[in-house]
Amino acid sequence: MKITVVGGGPGGLYFALLTKKARPDWQIEVYEQNRPDDTFGFGVVFSDDTLDEFLSCDPETYEKIRDHFAYWDDIAIHFKGEEIRCGGNGFCGTSRFKLLEILHERCRELDVELIFSEQIDPATLDTRFADSDIILASDGINSAIREHFSDAFQPSITVKSNRFCWMGSTRPMDEFNYFFRETEHGIICAHTYQYQADASTWVFEMDEACWQGHGFEEFDEEGSKVKLAAIFAGELEGHDLLLNRSNWRQFPRIFCENWYHKNIVILGDAKASAHFSIGSGTKLAMECGIALSEAVLAHAENSVEEAFKAYDEARRTPCQIIQHNADVSLAWFEHMNRSWDMDPMQFAMVVMCRAKSITYDNLIVRDAGFVEKVDTAWYERYYRETGIDVRQTRPTPMFTPFKLRDLTIPNRVVMSPMAQYSADAQGNLTDWHFVHYTSHGLGGMGMIYAEMTCPTPDARITMGCPGLWTDDHEAQWKRIVDFIHANSDTRICMQLGHAGRKGSTQLGWEEADHPIANAPDNWPLFSASPIAYFDGISQVPAELDRAGMTRICADFVQATERAARAGFDMLELHCAHGYLLASFLSPLTNRRSDDYGGSVENRLRFPLEVFDAMRAVWPREKPMSVRVSGTDWKEGGLSEEDLFAIANAFRDAGCDLIDVSAGQTVPDQEPVYGRMFQAHLAEAVRNVPKIATMAVGSITEAAQVNTILHTRRADLVALARPHLWDPYFTRRAAASYGAEVGHWPPQYLSGRDQAYREQAKARESAMELQKKARPQRHEKPMAQAAE
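Everything numeric here is computed off the predicted structure, so don't read it as measured data. (Residues numbered from 1 in each chain as written. Predicted model: local features only at pLDDT ≥ 70, side-chain atom pairs only at ≥ 80, totals over all residues. Heavy atoms only, no water.)

### As for the overall build of the protein chain
Part 1: Per the secondary structure count, the protein chain includes 28 helices and 29 strands.
Part 2: Scaling as 2.2 N^0.38, a compact globule of 787 residues should have a C-alpha radius of gyration of about 28 Å, and the protein chain matches this with 29 Å.
Part 3: Taken along its principal axes, the extent of the C-alpha atoms in the protein chain is 85 × 60 × 55 Å.
Part 4: Sorting the 787 residues of the protein chain into buried and exposed places 59% on the buried side.
Part 5: Across the protein chain, the fraction of contacts at a sequence separation of at least 24, relative to all contacts at a separation of at least 6, is 72%.
Part 6: Accessible surface for the protein chain amounts to roughly 30,800 Å². Of this, 49% is attributable to carbon and sulfur atoms.
Part 7: Each charge class in the protein chain can be summarised by its mean position, and for the 79 positive and 114 negative side chains these summaries are 4 Å apart. (Helix = DSSP H or I, 4+ residues; strand = E, 2+ residues; numbered from the N terminus. Rg over C-alpha atoms; globule rule 2.2 N^0.38 Å. Buried < 20%, exposed > 50% of the residue type's maximum accessible area, 1.4 Å probe, protein only. Contact = heavy atoms within 4.5 Å. Areas by Shrake-Rupley, 256 points an atom, 1.4 Å probe, with all protein chains shown as cover. Lys, Arg positive; Asp, Glu negative; His and termini not counted. Charge placed at Lys NZ, Arg CZ, Asp CG, Glu CD.)

In structure tokens:
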């Protein structure tokens, strides 16, 4: 077996040495266009978990790396003159030059052939390396092989907006430092860490306006060095900045849909890039090198394609998770000015949790003292803003009350509106609804949102959707509301909506969003424009005319009056997910040429008319919210500027909270899923228009709730599916944190007492385990490493 590696980066070299170690009879060669002593950049970063993997794969390489790294446990955030530290992080930095030197040395020990100063023309791969069974493209972020075979690899490349450059310094440091500096032109962040005894990496990052304002030039290294040294003179403590191809760049976000083509397989930054703010580019390349080596050793002799498939299967999901975390982190740095008005502890919490992979509970394990300080700052700020004193009880943010108008919601946990598809054909509630809502009402959450309820029969999504157009409907809802109010302190919100072009469909567990199978049961549909949801399958809706708008507005008003009489504490208007009002807001579904189409102001016109009419008859002391889609997950759809305009318009009309969801506007949407995957949209509304928001979308843990609240991504946090299988999610969370809050029915008090006892024991056991764990598994003192 002959393997040719094109590109001598860490990932390709590590693959080569691991494979050669296992199969010394195979011929492996590495071609690198640079000289062996060339390197660009300064340090690279590895986590404890990555070091564990290195140790298990090749102890010899691990020990050599360990002999030359700087280990740190603390991350220090420097913000407005204060330093905030968080420990327990477990990372190391090492010189990129030294890492390549170690990998070169290990390759030579194993008889991997290294060929330097030779550039390979991708067009000649099949002829020049005709005898190679495998060609590994590890030629970096500007991969010539990827571009030559772009039709096969299908790369997507997005150049991000921030400017950054890599420099070094002789300043020593014992921790990873984020130095944030506010300048006359904007905010600059220096990401810094030590990577050897006498050197540290300094990555300077800022937005385009700040970069332009300071007059930086892309290739003026010396000029940039002088300006940055002056700005960060205090942080440099008299030490110089060092240059090494320290040109200004914009980060290219790269991901290849396909990872192999014929006998060519792709690795490292050529395949997928990860933003430096989570220090994972080299880590990603080397871990993928491990997986590729394992796959090749297991399968290549029988089938190279099977080896490549195994590599893809092993690494695609982990790679996407790392890249997603890096994307979220990158996005925060693009908008770090949005958090600039925070107090130092909250800002530090945002920095630590920006990628969403680290949560409140993770930080308790890493550094309980840091979390205690963050909590204290939260309680002090909460007392100043509300006059409610929880500084002694310290219930965690999720168990603090939240007020909208005259309504006080006892905690921040909300049961998201979830269609039950269990009403009868006339829109009447059934026993299912009573059991569903009242049982959850005993679960301790701050508020329950009713599923989307329709003001008329033709407003329904399905024949199983509940209505609010008859006296019977009103009485059925009132029975549920009265039970919840009598037996808990949970509040309940009615959500009213009109399905629009997504109406007259099958139940959610049937063929969702498709027309009712029995054609005579379908009813006529309306939308902003005559565009079917599924082309050729769904009914083409009629374009809603002025008379129809007037009728529908009146329908919402009568349903609002009924919701008020039924005793609901809050009312929400559904303007998301491609339903009628959302179809006006999105440019994908609104193709009108009249006053209700075109600009976002025009697209808002009808939804605002409906909201204004509802607000006029809804009790003044009770709040109203609006659910919106923060993005359509589709090119040409809603932009962030649209989202801000929509939020501002509803706020000015008397809306008290924006419930920020996303998507479901068009069937060919392209969502980016992940934990808390829509929280950034709520965060944007909370921090730019500065309106109270509710976050929703793949939020599954109490730790995530506390993280969202601590980092000002939202004021309320809605959970959907977790509440379906655990109505007592909130009570369970309160017991786990030892937060003795909220009303318990007297029938359940003995269960409450047992829950708190058992959870107290569990916390004590967890603390003992943490004490026994070694916090620094790989550390070797720098003085010893220097020897």
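### Regarding helix H26 (residues 729-737)
Part 1: Of all nine residues in H26, seven are buried, a share of seventy percent or more.
Part 2: Three or more residues of H26 are buried, namely Phe729, Thr730, Arg731, Ala733, Ala734, Ala735 and Tyr737.
Part 3: The positive-phi residue at the C-terminal boundary of H26 is Gly738, with phi of around 70 degrees.

### Here we look at unusual backbone geometry
Part 1: Its identity is not glycine, yet Arg394 carries a phi of approximately 45 degrees, on the positive side.
Part 2: As for its placement among the helices and strands, Arg394 is situated in the loop between helix H15 (368-386) and strand E18 (402-404).
Part 3: We classify Arg394 as partly exposed; its relative accessible area is 30%.
Part 4: Non-glycine residue Asp513 carries a positive phi angle of around 70 degrees.
Part 5: Position of Asp513 relative to the elements: it lies in the loop between strand E22 (491-496) and strand E23 (526-527).
Part 6: Note on Asp513: relative accessible area 26%, which makes it partly exposed.

### Notes on the pattern of salt bridges
Part 1: As enumerated under the stated definition, the model contains 52 salt bridges in all.
Part 2: Between Arg85 and Glu175 there is a salt bridge, with its nearest N and O atoms 2.4 Å apart. Residue Arg85 is found in strand E6 (residues 82-86), and its partner Glu175 is found in the loop between strand E10 (155-169) and strand E11 (176-183); the two are separated by 90 residues along the sequence.
Part 3: Owing to a relative accessible area of 7%, Glu175 belongs among the buried residues under this scheme. (Salt bridge = Lys/Arg side-chain N within 4 Å of Asp/Glu carboxyl O.)

### Observations concerning the sheet that holds strand E29 (residues 716-719)
Part 1: Strands sit in the order E20-E21-E22-E25-E26-E27-E28-E29 around a closed barrel of eight strands; the barrel is parallel. Between one strand and the next, the sheet's axes are offset by a mean angle of 25 degrees, whatever the strand orientation.
Part 2: For strand E25 (residues 570-575) and strand E26 (residues 624-629), the ladder comprises five bridges, and the chain directions are parallel. Pairing of Leu573 across the sheet is with Val626, part of E26.
Part 3: In the packing of helix H16 (residues 431-441) onto the sheet, contacts are made with strand E20 (413-415) and strand E21 (447-449), and the angle to E21 comes to roughly 160 degrees. (Pairing = 2+ DSSP bridges. Axes fitted to C-alpha atoms, helices over the stretch in contact; angles between N-to-C directions.)

### Concerning the packing of aromatic side chains
Part 1: On inspection of all chains with the given rule, the structure shows 39 aromatic pairs.
Part 2: Every member of this aromatic cluster is reached through a ring pair, and the members are Trp72, Phe79, Phe176, Tyr178, Phe180, Tyr193, Trp332, Phe333, Trp340 and Phe347.
Part 3: Over the ring of Trp211 we find Arg163; its NZ or CZ atom is 3.8 Å from the centre of that ring.
Part 4: The ring of Trp523 has Arg460 lying over it, and the distance from NZ or CZ to the ring centre is 5.2 Å. (Phe/Tyr/Trp six-rings, centres within 6.5 Å; stacked < 30°, edge-to-face > 60°. Lys NZ or Arg CZ within 6 Å of the ring centre and 35° of its normal.)

### Side note on the packing of helix H13 (residues 344-353) against H15
Part 1: Packing of H13 against H15 brings their axes to within 9 Å, and their N-to-C directions diverge by 130 degrees. Regarding the angle of H13 to H15, the classification is oblique. As H13 runs across H15, the sense of the crossing is left-handed. For the pair H13 and H15, the contacting residues are Met345, Gln346, Ala348, Met349 and Met352 in the first and Phe370, Lys373, Val374, Ala377 and Arg381 in the second.
Part 2: Taken together, the residues that form the contact of H13 with H15 break down as seven nonpolar, one polar and two charged. (Parallel < 35°, antiparallel > 145°, perpendicular 65-115°, else oblique. Left-handed = near helix turned anticlockwise from the far one by under 90°. Nonpolar A, V, L, I, M, F, W, Y, C, P; charged D, E, K, R; others polar.)

### Some words on empty space enclosed by the protein
Part 1: Counted under the stated rule, the structure contains four cavities of 30 Å³ or more.
Part 2: By volume, the largest cavity is sized at about 110 Å³.
Part 3: Taken together, 14 residues make up the lining of the largest cavity; nearest its centre are Asn411, Gly444, Arg731, Val741 and Gly742.
Part 4: Per-element accounting of the lining of the largest cavity gives the leading share, three residues, to H26.
Part 5: For the lining of the largest cavity, a count of residues per class yields six nonpolar, six polar and two charged.
Part 6: Taken as a whole, the second largest cavity spans an internal volume of roughly 60 Å³.
Part 7: Around the second largest cavity, the lining residues are Arg501, Gly503, Ser504, Thr505, Asp513, Pro515, Asn522, Leu525, Tyr533, Ser538 and Gln539.
Part 8: Residue composition of the lining of the second largest cavity, by class: three nonpolar, six polar and two charged. (1 Å grid on protein atoms, 1.4 Å probe; cavity = no way out; pocket = protein on both sides within 12 Å on 5 of 7 lines; lining within 4 Å. Points joined across faces, edges and corners; volume = space filled by probe spheres on them.)

### As for the layout of surface pockets
Part 1: Of the voids in this model, the second largest pocket is the one considered here, and its volume is about 1,900 Å³.
Part 2: Lining the second largest pocket we find 48 residues, and of these Lys160, Asp327, Trp633, Val672 and His680 sit closest to its centre.
Part 3: Breaking the lining of the second largest pocket down by element, the ones donating at least two residues are E10, strand E15 (249-256), helix H12 (304-334), helix H22 (640-652) and helix H23 (679-687).
Part 4: Sort the elements by how many residues they give to the lining of the second largest pocket and H12 lands first, with 11 residues.

### Some thoughts on the pairing of strand E9 (residues 134-137)
Part 1: Burial of the side chains of E9 extends over both faces: Ile134 and Leu136 are buried on one face and Ile135 and Ala137 on the other.
Part 2: Relative to E9, strand E1 (residues 2-6) runs parallel, the two being bridged by four bridges. When the sheet's bridge partners are listed, Ile3 is paired in E9 with Ile134.
Part 3: Judged from the three bridges that link them, E9 and strand E17 (residues 264-266) form a sheet pairing that is parallel. Within E17, the position partnered with Leu136 by the bridge is Val265.

### Things to note about the packing of helix H2 (residues 48-57) against helix H3 (residues 59-66)
Part 1: Two numbers describe how H2 lies on H3: the axes approach to 5 Å, and their chain directions differ by 135 degrees. On the basis of their axis angle, the class for H2 and H3 is oblique. Between H2 and H3, the residues in contact are Leu51, Phe54, Leu55 and Cys57 and Pro59, Tyr62 and Ile65, respectively.
Part 2: A breakdown of the residues in the contact of H2 with H3 according to their chemical character gives seven nonpolar, no polar and no charged.

### Things to note about H22
For an α-helix the count is 3.6 residues per turn, leaving residues at separations of three or four pointing the same way.
Part 1: End to end, H22 covers 18 Å across 13 residues, agreeing with the expected 18 Å (1.5 Å per residue, within 8%).
Part 2: Immediately downstream of H22, the backbone of Gly654 shows phi near 110 degrees, a positive value. (Expected span 1.5 Å × (residues − 1).)

### Describing the nonpolar core
Part 1: Formed by 124 residues in total, the largest nonpolar core has its most connected members in Ile77, Phe180, Phe370, Phe606 and Phe650.
Part 2: A total of eight residues in this core trace back to one element, the largest contributor, which is H13.
Part 3: By size, the runner-up hydrophobic cluster in this structure holds 70 residues, among which are Leu18, Leu136, Ala270 and Val296. (Core = buried A, V, L, I, M, F, W, Y, C linked by side-chain atoms within 4.5 Å.)

### Re the pairing of strand E2 (residues 27-31)
Part 1: Counting buried positions over the five residues of E2 gives four, a clear majority of the element.
Part 2: When E1 meets E2, the two strands line up parallel, connected through five bridges. When the bridges of E2 are listed, Ile3 appears paired with Ile28.
Part 3: Since E1 and E2 lie parallel, the crossover through helix H1 (residues 10-22) that links them has a hand, and here it is right-handed. (Right-handed = clockwise from strand over helix to strand, strands pointing away.)

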